[in-house]
Amino acid sequence: MNQPHKTETDLVQELSACREQIAAMERHHAQHVQTQKLLEKTIHALGERNKELTCLYGIAHVVEKNDALRDILQGIADLVPPGWQYPELTCARIVHETGTVETPNFRETEWKQTGPIKVRGAVIGAVEVYYTTATAPMDEGPFLKEERHLIDAIAERVGKITEQKMADEELRRLAANLVTVQEAERKRISREIHDELGQLLTGLRMEVYLLNNHLSGKYPDDQESISIIAKADGIIDTIHRATKHIISSLRPNILDDRGLFDAVKVLLDDFGKRTGIKCESEIAIDEGELDATQTIALYRIIQESLTNISRHAKATQVAIRCEDQDEALVLEVSDNGVGFYAGPEPFAEGWGLMGMRERARLLGGAFSIKSAPGAGTRIQVRIPIARDRGIRG
Amino acid sequence: MIRVFITDDHEIVREGLKRIVSDTEDMVVCGDAASGEELLRRAETEAWDVLVLDINLPGINGLEVIQRIGATKPGTKIVAFTMYDEASHALRVMRAGAKGFLSKTRPPVELLDAIRKVHSGGRYVTSSLAEYMFEKDIDLKKEPHQTMSAREYEIFLLLGKGKKPKEIAEQLEVSYSTVTTYVSRVKSKLSVNSIGEIVQYAFRHRLTD
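Once a new chain begins, its residue numbering starts again from 1 and follows that chain's sequence as written. Lettering of chains starts at A and numbering of ligands starts at 1, both following the order in which they are written. With the structure being a predicted model, the display of local features is reserved for residues of pLDDT at least 70 and the display and counting of side-chain atom pairs for 80 or more, all residues being used for whole-chain, interface and lining totals. As a rule here, side-chain values come from all non-hydrogen atoms in the structure, and water together with hydrogens is ignored.

(A) Here's a closer look at the overall build of chain A. Along its length, chain A carries 8 helices and 9 strands. Looking at chain A as a whole, 36% of its 393 residues are labelled buried. Taking as baseline every contact in chain A between residues at least 6 positions apart, the subset at least 24 positions apart corresponds to 66%. Here, Shrake-Rupley sampling with a 1.4 Å probe gives the accessible areas, and only protein chains in the shown set may cover a residue. Counting every atom, chain A has about 23,400 Å² of accessible surface; 56% of that belongs to carbon and sulfur. Each helix corresponds to a stretch of at least 4 residues labelled H or I by DSSP, and each strand to a stretch of at least 2 residues labelled E; elements are numbered beginning at the N terminus. Whether a residue is buried, partly exposed or exposed follows from its accessible area with a 1.4 Å probe, protein chains only, as a fraction of its type maximum: under 20%, in between, or over 50%, in that order. What makes two residues a contact is simply this: any of their non-hydrogen atoms within 4.5 Å.

Shown next, in the form of structure tokens:
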């Protein structure tokens, strides 16, 4: 065997180099261990953050899926235990001004963490988390500082959700109030026009009549003056008609006097004459089961539909059907016009359609439009009706 | 000379009416009043041929005035007036005893025609009102429930007994909308606005015994 001849110096150098390498490797290893520890710590933290995120996403989902505040609060309370370190030992309660909800395993203990729920700056309740048994001490009693962040975040979310619900409720009240005020206004204006304007016109017409008598008595050959007076009289007649029409569209007396059936017949009659559109109606309902608010709302919806049809539809036929269907009354207004795009969401709806939708909603009902370009339009309103046993109007 | 008395609470209209009637050769204004009470007071001592009366008066309403005049001064003919809706009031007003009825929106000359017509013993209604009455098959000489067709009467009796429209439709085996059409016609003939009033009418006339 041929081995290179190594001197002592060479060997010492090699040993030195080896020792350096080992030291370097040890340093790398130490760094590696450190990195590993950091990684584990980061993964653990991510795991916890993930729980938090899961919890918060879960809350968003609960809000989306539920309408009633109580259901939402219950859903949120149920999401709490999985977000904490020891889910099996965790129970939660949400104390809220509208009521209290708790997880099924709820028990009050001394190991408690709470976050205040604030609405518009004032505390209206709290999110409470309890451990059912003792556990290792952490940053805040047995709870982590991350859990403090989480509970505060949940409490803040509940506060915001409550504010949103309150705003929705106020909006609904305002909308209902607006409609009531609007109808009262219309009734008042209609009454004033009826009581004052019409009478004054009648008086004016009498003066014109007298003027004509005197003039044709004194100057029987003044054809021009006589014809001017005749024209003035004709204009007064037109104003009477227009006034009657305004009153009728503001607040039709016939609706209050004779009911929906007759009022719609008159409305359609007038509409048919003005537009030349062929109208038919079938109103098969027991008017005794409708209250005044429902009656006027249905009338307005029909009125608005007809306005839309005369303006946009280019239709030749209109049909109105109103019938009882078990727990609800269904009103349909259909036309054979050009139709319009009614997508899944009430996207670019005009105020007219929104108004109809709103009136239906205020009655606790539903509104839908079925339409396709060239295939006509059908508007449907369904409102719940209280059926009673006794003899009513 | 036709002796005319005018009652209307609106001053401008009342004054206009007075002047129009005065201006007419065959008529004379005997007086005017702004309320039913005033009219009835003057009726105790005065005599007229034709009374022109707004049915929407403050205080005692026009219908009651017509009935009272009919009772105390049966020879006086009444022409009743309303601002707008003839159809709603016509039946009640005519059945109460008015011989003429028209809207204040009509040309003044029609009022004069009405006065003359009722004075000579006839009735006066506008052509649109006449059409309405014809459409609803209204006969003023008979009792309201005697002017109904067989079917209308049948449904009227059932309503009077307390049956609801839905039950009637089932019982008679007709469509619900047919029944509601008839309900509307019965309401028109009886001059009532609700099924409750139909029941009351049936009870008053002992038609459900």
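(B) Quick peek at the interface of chain A and chain B. Chain A puts 36 residues into the contact, and the matching count from chain B is 36 residues. Here the quantity called buried area is the accessible surface, traced with a 1.4 Å probe, that two parts lose on coming together, added over both. For the pair chain A and chain B, the summed buried surface comes to about 3,200 Å²; carbon and sulfur atoms form 56% of the total. Three residues, A:Gln199, A:Met206 and A:Arg258, lead the burial of chain A against chain B; their summed loss comes to 20% of the area buried on that side. Salt bridges are identified by distance alone: a Lys or Arg side-chain nitrogen within 4 Å of an Asp or Glu carboxyl oxygen. Across the chain A-chain B interface, the total number found is 2 salt bridges. In this structure, B:Lys166 and A:Asp324 form a salt bridge, with 3.9 Å as the shortest nitrogen-oxygen distance. We define a polar contact as two N or O atoms separated by no more than 3.5 Å, with the added condition that, inside protein, one atom must be a possible hydrogen donor and the other a possible acceptor, whereas residues neighbouring each other in sequence contribute only through side-chain atom pairs. At the surface where chain A touches chain B, the tally comes to 9 residue pairs in polar contact (both at pLDDT 80 or more). Considering every element that reaches the side of chain A that touches chain B, the biggest residue donor is helix H3 (residues 145–218) of chain A, with 15 residues.

(C) Representation of the sheet that holds strand E1 (residues 90–96) of chain A within the structure. Residue and element names in this part refer to chain A. The strand order across the open sheet built from 4 strands is E2-E1-E4-E3, with neighbouring strands paired in antiparallel fashion. The open sheet terminates on both sides in strands that have one partner only, identified here as strand E2 (99–102) and strand E3 (112–119). The sheet shows a mean angle of 15 degrees between the axes of neighbouring strands, taken without regard to direction. Here the rule is simple: two strands pair whenever DSSP picks up at least two bridges between them. Looking at chain direction, E3 and strand E4 (residues 122–131) are connected through 8 bridges and run antiparallel. Bridge pairing in E4 places Ile117 opposite Gly125. Lines are fitted to the C-alpha atoms to define the axes, a helix being fitted only along its stretch in contact, and any angle between axes, read from their N-to-C directions, falls within 0 to 180 degrees. The strands touched by helix H2 (residues 69–83) within the sheet are E1, E2 and E4, with E1 carrying the most contacts at an inclination of about 155 degrees.

(D) Geometry of the sheet that holds strand E9 (residues 377–384) of chain A. The strand order across the open sheet built from 5 strands is E5-E6-E7-E9-E8 (chain A), with neighbouring strands paired in mixed fashion. The sheet terminates laterally at strand E5 (278–284) and strand E8 (366–371) of chain A, the two strands that pair on one side only. With strand direction ignored, the average angle separating the axes of adjacent strands in the sheet is 10 degrees. With 7 bridges joining them, E5(A) and strand E6 (residues 317–325) of chain A adopt parallel strand pairing. Paired with A:Ala284 across the two strands is A:Glu323, which belongs to E6(A). Contacting E6, strand E7 (328–335) and E9 of chain A, helix H7 (residues 292–313) of chain A runs over the sheet at an angle of about 15 degrees to E7(A). On the sheet, helix H9 (residues 176–190) of chain B packs against E5 and E6 of chain A and is oriented at approximately 95 degrees with respect to E5(A).

(E) View of the confidence of the model for chain B. Confidence scores labelled pLDDT are given residue by residue by the predictor and lie between 0 and 100. Per-residue confidence for chain B gives a mean pLDDT of 88, with 99% of residues at or over 70. Interface confidence for the predicted complex, given as ipTM, is 0.81, next to a pTM of 0.67.

(F) Looking closely at the environment of A:Gly115. Residues and elements named next belong to chain A. Structurally, the position occupied by Gly115 is in strand E3. We classify Gly115 as buried; its relative accessible area is 0%. Separated by 13 residues in the primary sequence, Gly115 and Glu128 place their C-alpha atoms 6.6 Å from one another. Among residues more than four places away in sequence, those in contact with Gly115 are Gly125, Ala126, Val127, Arg148, Ile151, Asp152 and Ala155.

(G) Quick peek at the environment of B:Met148. Residues and elements named next belong to chain B. Tracing the sequence through the fold places Met148 in the loop between helix H6 (127–135) and helix H7 (150–160). When its relative accessible area of 11% is taken as the criterion, Met148 is described as buried. Here the alpha-carbon distance between Met148 and Arg185, two residues 37 residues apart in the chain, equals 8.8 Å. When sequence neighbours within four positions are dropped, the list of residues in contact with Met148 reads Tyr153, Phe156, Val186, Lys189 and Leu190.

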